[in-house]
Structure formats: structure tokens, C-alpha cells
Amino acid sequence: MTLACPTARRFVARSPLPAPGPLDFVVVGLNHHTAPVEVRERAAVRAGEEDALLSHLSRHAREVMLLATCNRTEVYLAGLTGDPLAAFQGAWGHDLEDHLYSYSGEEAVTHLYRVAAGLDSLIIGETQIQGQVKRAWQAASARGLSGALLNKIAQGALAAGKRVRTETGLSDSVVSVSSAAVELAELALGGLAGRTALIIGAGETAELTLIHLRAAGIEDVIVVNRTAERARQLAAKLGGRVCAAEYLHEALPEADVVIASSAAPHYVLNGEAVAAALAARGDRPMFLIDISVPRILDPNIADVPGAHLLNLDDLTAVVHHNLQGRRAALPQAGAIIREAASDLSRWYLTRAAQLHRAGRVLAVASD
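The model shown is predicted, which means the values in this text are computed figures rather than measured ones.

Parameters at a glance
Residues take numbers from 1 onward in each chain, read along the sequence in its written order. Under the rules for a predicted model, residues below a pLDDT of 70 receive no local features and side-chain atom pairs below 80 are neither given nor counted, while totals for whole chains, interfaces and linings still include all residues. With hydrogens and water excluded, all non-hydrogen atoms of the structure serve as input to the side-chain values. Runs of E in the DSSP output that reach at least two residues are strands. Runs of H or I that reach at least four are helices, and both are numbered from the N terminus. We call two residues in contact whenever any of their non-hydrogen atoms come within 4.5 Å of each other. To estimate how far a helix should reach, multiply one less than its number of residues by 1.5 Å. Exposure classes here rest on a 1.4 Å probe applied to the protein chains alone. A residue is buried below 20% of its type maximum, exposed above 50%, and partly exposed in between. Here the rule is simple: two strands pair whenever DSSP picks up at least two bridges between them. In this description, a line fitted to the C-alpha atoms serves as the axis of each element, helices being fitted only across the stretch in contact, and the angle between N-to-C directions of two axes falls anywhere from 0 to 180 degrees. Counted as salt bridges are all cases of a side-chain nitrogen of Lys or Arg within 4 Å of a carboxyl oxygen of Asp or Glu. Note on aromatic pairs: the rings of Phe, Tyr and Trp (six-membered ring only in Trp) are paired at centre separations within 6.5 Å, and the planes decide the class, stacked below 30 degrees, edge-to-face beyond 60, tilted for the rest. If the strands point away from the viewer and the path from the first strand over the helix to the second runs clockwise, then the crossover is right-handed.

Peer 1: Break down the overall build of the chain for me, citing the residues and quoting the values.
Peer 2: Broken down by element type, the chain carries 14 helices and 10 strands. Summarising the internal contacts of the chain: among those between residues at least 6 apart in sequence, 72% fall at separations of at least 24.

Spelled out as C-alpha cells, the structure:
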């Protein structure tokens, strides 16, 4: 472990005890920086797969946390045995090594802290990731896969993320993949007032999407979901029409913009269905934005005249615009992350020394 904290270095130098070993903490994963969406979806975590993945990974480490979002799949391991890259690829059964990154010790800690703060996100400063990290840690804890080290690091990540957002101004305006998708639709259509939107999905991302669509001036929203009750709940909460999934093709011709954010295990729309919908729309184009991973809109939609298909990797222009207004906050955010990582170093060194002393006392007492 690199001891970036001067206090921690002095602590080790003064101690009569042997220096503690490296911080036994590793992250391995891929994200939007290292892999395009067609690769990221190969390492996506589908509903019902979490237990099998964690069962495999827990054979390689004592503590395991799985963080999966639309733009990243990462595994955090403590008490590692073996090669973390091999453990990751074995869990998903794909050769992903060209797109994987792996950090250990304090670098892994710093990475998680940056992730929780939204500094490593596609949309810098986005707020969803804080809750996603918290739920990933809670899931690990519920399965008995989170111990003293992972608990401390996860708590530190959440605290650092909160500090970055409250102290730097990064949270002054709510940003997310959903808001970027809506902004992209606004740019493409020259405004959304008077348009009809169709949302595929009814989860957290779909709810955020609907909120941003409303703020952009859309009054007519159709909510489609495999579970009709969830669609009804979302429509009742924020306003909108409900469409059962089996009637998606009948509702599609009404949509000027389609935003897909569902975890469906297969494509729910293909080029043929979109071509049929466009035939019923006259000369009016349709903009479709797929922010799901894995994608649920068939890429062949892009070949249909009048259909404009975009995915997560097409949000680059919006991301660049978003970052320009947030650059001033980045140095302060980085300083907060470094301070939080140094706090973790001090905690680790102090704990290691205490455990070592306790072991020596027990050894003397047993003689």
C-alpha cells in the first residue's frame, strides 16, 4: 500500500512493531472509459444473477462487493486469494481482459471513493451512484460477504461522496444519465413541448427520466413495463398513461421520443417494429435512446429510415457540456478524496498495530 498520508508514514517509522502488510483490498472491473456499450453489456448483471456471481467470487475472497450500473461492472475484494482478473472473467465466462482494470491497496480505495462521489461517472457529479454504492454494500452485508475492512471502506466512500456533493457545488443541479438523455432528445427535436414520449421501464432510472421529461415540457408520457402494476404506480405518481408490454407495438406510433431503461433479458423492439410504427406516423421521425445495459433496442433500428437510434455512448456531447460547467469544482473534490483516503490509511495502520499488539500480549500470556 502506498502511504500517501505523512502522519501514517511517521506512525510506521516510530513504531517498534513490524510494518503492516499491504492493504488487502482490490477492485477489478470495466466501465465506460475502458469498454464500449457492446462490451459492457457482456458483463452486465441481469436480474436473478447476483447470487451465482457472488457465490463464484466468494471462492476467491473473504469479502466481496459487486457494483453494477449502466456504465460499469466492478467487483471489490478483500482477503483475496488468486488472480482477481481471472476471478472476474470466470464469473462472467467471457474474455474481457483487454477492457478490464485492476487496482489494489490505496489505489482501490481511492477509486471507490471517486466512484461514490460521481467523479468517475459518465455524467460528472451524477447523484444516482451514491445510492447504487450503498445498495451494493448492503447486498454484500446481507449475504455475509462484508467484514470489518469492506465495511470501513464502503462507509468512507459514502461519506466522501456526500462531502464532495455538499462542499463543492457538484450537486447544485441534479444530473444523471436520464437527464442527459432528455437533454439529447431536446436538442434533436428542437424542444419537447407538445411531444409524446414513451418510456420503457418503471424502475429508478425510468422515474428520473419521467421527471426530466416533465421538466422539459412534455405532458404526454406513455409508460411501458413488463410488470403492469409498477408502470401504473409510476404513472400515478408522476402522471402518464400506462401501456401493457404486450401492446407496446400499438402505442409506438404515438411516440416522438422513446427512452428505454429496462432490464429486459432480450431486445423489446427491433427494426421491423419501428419501421411499421414510422409508416403510421407519416413523415414524422422518431428518436430512440437506449440507456439500458444490456441494450434492449435492437441496433438494426438504426438502419430504418426516419429512426434515429442512440445509446449511452452517444451522450458524449452532453457529457462534455456538463463537464465544462463543473471543472472548477474538480480540484476541491480531488482534495476531499485524498483526505478521505488518508483517513483510511491511518485507520488501517492503527488497527494493524492494535491487532499485532494484542497478538503479542496473548503470546506472552500463554508462555
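Peer 1: Mind laying out helix α7 (residues 148–168), listing which residues take part and the relevant values?
Peer 2: With 21 residues, α7 extends 30 Å from end C-alpha to end C-alpha; this agrees with the ideal 30 Å at 1.5 Å per step. When we look at burial in α7, the residues that qualify are Leu149, Leu150, Ile153, Ala154, Gly156, Ala157, Leu158, Ala160, Gly161, Val164, Arg165 and Thr168. With its phi angle positive at about 90°, Gly169 sits one or two positions after the end of α7.

Peer 1: Lay out the sheet that holds strand β5 (residues 196–200) with the relevant residues and their values.
Peer 2: Spatial strand order, β7-β6-β5-β8-β9-β10: 6 strands in an open sheet with parallel pairing. Two strands bound the open sheet, and with one partner strand each, they are β7 (241–244) and β10 (307–311). Adjacent strand axes in the sheet meet at a mean angle of 20°, parallel and antiparallel pairs treated alike. Bridge analysis of strand β9 (residues 286–290) against β10 gives 5 bridges, and the strand direction is parallel.

Peer 1: Before we move on, can you summarise the pattern of salt bridges with the specific residues and values?
Peer 2: Considering all chains together, one arrives at 15 salt bridges under this definition. For Arg143, the salt bridge identified is with Asp51, shortest N-O distance 2.8 Å. Taken together, the positions of Arg143 in the loop between α6 (128–142) and α7 and Asp51 in helix α3 (residues 50–57) put the pair 92 residues apart, joining distant regions of the chain. Look at Arg143 and you get partly exposed, because its relative accessible area is 36%.

Peer 1: Give me the lowdown on the packing of aromatic side chains, citing residues and values where you can.
Peer 2: This model, assessed by the stated rule, comprises 3 aromatic pairs. An angle of 25° between the planes, with centres 5.7 Å apart, marks the rings of Tyr101 and Tyr103 as stacked. Classification of Tyr101 as buried rests on a relative accessible area of 8%.

Peer 1: Residue-level account of the pairing of β7, with values.
Peer 2: Sheet analysis places strand β6 (residues 220–225) next to β7, joined by 4 bridges and oriented parallel. Looking at the pairing, Asn225 lines up with Ala244 of β7. A crossover links β6 with its parallel partner β7, the connecting element being helix α10 (residues 228–238), and its sense is right-handed.

Peer 1: Break down the sheet that holds strand β3 (residues 72–80) for me, citing the residues and quoting the values.
Peer 2: The strand order across the open sheet formed by 4 strands is β2-β3-β1-β4, and the pairing between neighbours is antiparallel. Either end of the sheet is taken by a strand with one partner, and the two such strands are β2 (61–69) and β4 (101–104). Neighbour-to-neighbour, the strand axes of the sheet open up by a mean angle of 15°, direction not taken into account. By the bridge criterion, 4 bridges tie strand β1 (residues 25–31) to β4 in an arrangement that is antiparallel. By the bridge assignment, Val28 is partnered in β4 with Ser102. Against the sheet, helix α4 (residues 84–92) engages β1, β2, β3 and β4, with an angle of about 130° to β3.

Peer 1: An account of the environment of Ala117 is needed here, citing residue identities and associated values.
Peer 2: Tracing the chain through its elements places Ala117 in the loop between α5 (106–116) and α6. Residue classification places Ala117 among the buried residues on the basis of a relative accessible area of 0%.

Peer 1: Which residues make up unusual backbone geometry, and what values do they have?
Peer 2: Pro294 follows Val293 through a cis peptide bond whose omega is 0°. As for its position among the elements, Pro294 is in the loop between β9 and β10.

Peer 1: Lay out the environment of Ser141 with the relevant residues and their values.
Peer 2: Within the secondary structure, Ser141 is located in helix α6. For Ser141, a relative accessible area of 42% puts it in the partly exposed group. In this structure, the C-alpha to C-alpha distance between Ser141 and Val64, residues 77 residues apart in sequence, is 9.1 Å.

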